[in-house]
Amino acid sequence: MRSLSCVLVREGPSDDWFLPILLRRALENLVVECFPACREVQEVRSLTQAGNQHPTPVLQALEQERGTFDVVLYHHDGAPPAKSDPVIERMRQNWATSDFVEPLVAVVPMRETEAWLLADHVALAKVLNVRRLTRAPAFGSEVESCQRPKAVVDMLLRDEAGINPNKYGVLQNFYVSVAETTDIGELRKVPAFQQWWNDMIEALEGLGYQHG
Amino acid sequence: MITRIEIDGFKSFQDFKLDVPPFLVLIGTNASGKSNLLDALNFVATAATRGLDAAVAEVRGDARGLFRRRGDGTRVDRMSFALEFRRWRYELRLSWAVPEGALEGIVVEAQRLVSLERRLPRGRDAESRPLQGVEIGEQVIELLPTSSAEPVGLSGLLDSPVLRPKADSRIVWDIRRELSEVRSLHLEAGSLRRASEFGGPKRMHSTGHNLPNYLRFLARETASENRPLGVVAEIKMHLVGLVREISDFVIVEDERRRDVRLEFASPYDQSLDAEFASDGTLRMLAILASLHDHGTVAVEEPENGVFPERLRQMLGLARGLVSDPRESPERYGMAEERPRQAIFTSHSPVVLEVVPYENIAFLDMTTALENGIASRVTRVRRLREDGGPVRITGERWPRITDSELDRFRAGVEEAV
């Protein structure tokens, strides 16, 4: 029985509130849609020891997990591209020259991960427990044009739901709730997310998942 | 002593298999299936000994709600269990049905005992399914699905007549006794404080109600001329060691009120009613009492109300109290001895410090995909020994790595 296990190298602890949940849910959809012979999607495990994403600690952390994962998900915010592109490329090159055989798939939102939180307005309204969003931020494919998604998240909490985003636990629990609720179909309208989706399919095809 | 549990279709379990040592701590986050596992154990044991109605009443949820829920909201219609003891395996398959002329409910499809004397090595039989074909050379005792003498649900499933061979009713009786000695503890402070009644049950309820009578029963059962309190003397000693504020307790039999109460003594207070004892003291006493009894005790979250250092001591004590089959394998056969076994669930990182990794199982959730439907189910993994392999033959998932244990110890990191 084929099973899929992914580990995540992320930028910071707040990514753990959102990405492992969202990516696991997305992988469930992806596997059902493209790899029906796969019968299990395991939790996406975030590697906190991977540190600041420099290849050395990342490889060291992955060495400790050797044999436990099928795919490495390497997350890095895409803004500004002049800074992020070299970081991602450096990691890709180091990975290619390492003795790991598992594929590394980049998870790169256009600007910040928070942009992906904003993609599904129905989910946002549900999580905030409001009938509708009165001042809807950009949505669907446009969320990545949002210059300051974190500020929009703060605004949503404060102005739409009357919740102080600076209080302990508010942001964390909001991120977790949105990750559990966001419609993956809506998120796929976001180009950067669809790019990850396509890269993931390619990686799993390379691992022979289409054959079960 | 239970050596293996297999569950399919009950609550969050799909094709779940776990080897069980005499002492086992189940760790994991909230909603990972730890309590469901204890429910499953309790459900099978109660169904086998007291019937399906009693079994449903013993666990959380209604009868239909016990069947695993798929991701699309539908429920499976079958659940099966297998409990292995040292020499025999009890298999039970239940379904949801509407029998002719009866109300809808849980129906027994099949139950049997299979001898483990000539089993294949564990690596090969790990994939065997309950109630499938019998391996060559195995002895099988077929049991009627339900008792013909009693309406379904009112008598224990193991009270059903043996279909064949007739001579094996003794083995069924032994298994029944093992299952009758399985007990789960979900202790509640209010229940622990209550007095027992004269003539009341001798066993403690899972909430801790009837603790005074239970202690009285343990004392009577194990007393000798020179040791009138039997194992209760040992229980006292351990309680005093664990709870320094307590120096003794007595079981007060009040004939005028026709009840039985506990009174604690401390270095500064000679008579402290159970009503005024701390929650932690009563919880530890109840756990200690159960650990000193025969059979399998499953304790949910012993850390509640207990200081971490005392939890450490409690777990160490429990390890020492269970039967060690390595000492004398023949001692812990089915009928000759009545071994002790302890299963704990816990969220506490203290477990990782005091319990050997071989005695820990880590539960979490994974996504099972069935016909395009994603369902969350419980999985179980063992911990990786220091420098040991992550993949073990016969184990479905890799072992828990240090990074996962670090997360368990620390919880989710805070944002910086």
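Let us look at the structure shown here. Residue numbers restart at each chain and count upward from 1, following the sequence in its written direction. Here every chain gets a letter starting at A, and every ligand a number starting at 1, in the order they are written. Selection of residues for local features in this predicted model requires a pLDDT of at least 70, selection of side-chain atom pairs for listing and counting requires 80 or more, and totals for whole chains, interfaces and linings are taken over all residues. Working from all heavy atoms in the structure, the side-chain values ignore hydrogens and water.

## Description of the pairing of strand E3 (residues 23-27) of chain B
All names here are of chain B.
Consideration 1: Within E3, 5 of the 5 residues are buried, which leaves it mostly tucked inside the rest of the structure.
Consideration 2: Summary of the burial criterion: residues with accessible area below 20% of their type's maximum are buried, those above 50% are exposed, and those between are partly exposed, where the area comes from a 1.4 Å probe applied to protein chains only. Strands are runs of DSSP state E lasting at least 2 residues, helices are runs of H or I lasting at least 4, and numbering of each runs from the N terminus. Every second residue of E3 is oriented toward a common face, with Phe 23, Val 25 and Ile 27 on one face and Leu 24 and Leu 26 on the other, all of them buried.
Consideration 3: DSSP calls a pair of strands paired once it identifies at least 2 bridges connecting them. For E3 and strand E15 (residues 340-346), the ladder comprises 5 bridges, and the chain directions are parallel. Among the inter-strand pairings, Leu 24 is bridged to a residue of E15, identified as Ile 343.

## Brief notes about the sheet that holds strand E5 (residues 71-75) of chain A
Two pairing modes exist for strands in a sheet, parallel and antiparallel, and in both the strands are linked by backbone hydrogen bonds.
All names here are of chain A.
Consideration 1: With parallel pairing, 4 strands are arranged side by side in an open sheet as E4-E2-E5-E6. Every interior strand has two partners, whereas the edge strands, strand E4 (45-46) and strand E6 (104-107), have only one.
Consideration 2: With 4 bridges connecting them, strand E2 (residues 6-9) and E5 associate as parallel partners. Bridged to Val 7 within E5 is Val 72.

## Some remarks on helix H9 (residues 308-321) of chain B
Residue and element names in this part refer to chain B.
Consideration 1: Multiply 1.5 Å by the residue count of a helix minus one, and that product is the helix's expected span. Its 14 residues place the ends of H9 20 Å apart at the C-alpha level, agreeing with the 20 Å of an ideal helix rising 1.5 Å per residue.
Consideration 2: Within the sequence span of H9, burial applies to Arg 310, Leu 311, Met 314, Leu 315, Leu 317, Ala 318 and Leu 321. Axial view of H9: buried residues confined to an arc of 160°, hence all on one face.
Consideration 3: Here, residues are in contact when the closest pair of their heavy atoms is within 4.5 Å. Buried residues along H9 sit against E3, helix H7 (231-242), helix H8 (279-291), E15 and helix H10 (350-354). This arc is taken over the directions from the axis of the helix to the C-beta atoms.

## Description of the interface of chain B and chain A
Consideration 1: At the interface, 27 residues of chain B touch 28 residues of chain A.
Consideration 2: Once two parts are joined, some of their accessible surface, as seen by a 1.4 Å probe, is lost; buried area is that loss totalled over both. Carbon and sulfur atoms make up 47% of the area that chain B and chain A hide from each other, which totals about 2,200 Å².
Consideration 3: Within this document, salt bridges are pairs made up of a side-chain nitrogen of Lys or Arg and a carboxyl oxygen of Asp or Glu, the two lying within 4 Å of each other. Counting the contacts that link chain B with chain A gives 3 salt bridges.
Consideration 4: In this structure, Glu43(A) and Arg376(B) form a salt bridge, with 2.5 Å as the shortest nitrogen-oxygen distance.
Consideration 5: N or O atoms closer than or at 3.5 Å make up a polar contact, with two conditions inside protein: a donor-capable atom paired with an acceptor-capable one, and, for residues adjacent in sequence, both atoms drawn from side chains. Applying the counting rule to chain B against chain A returns 13 residue pairs in polar contact (both at pLDDT 80 or more).
Consideration 6: Secondary-structure elements contributing two or more residues to the side of chain B that touches chain A are strand E16 (360-370), strand E17 (373-382) and helix H11 (402-410) of chain B.
Consideration 7: In terms of residues, the side of chain B that touches chain A owes the most to one element, E16(B), which gives 6 residues.

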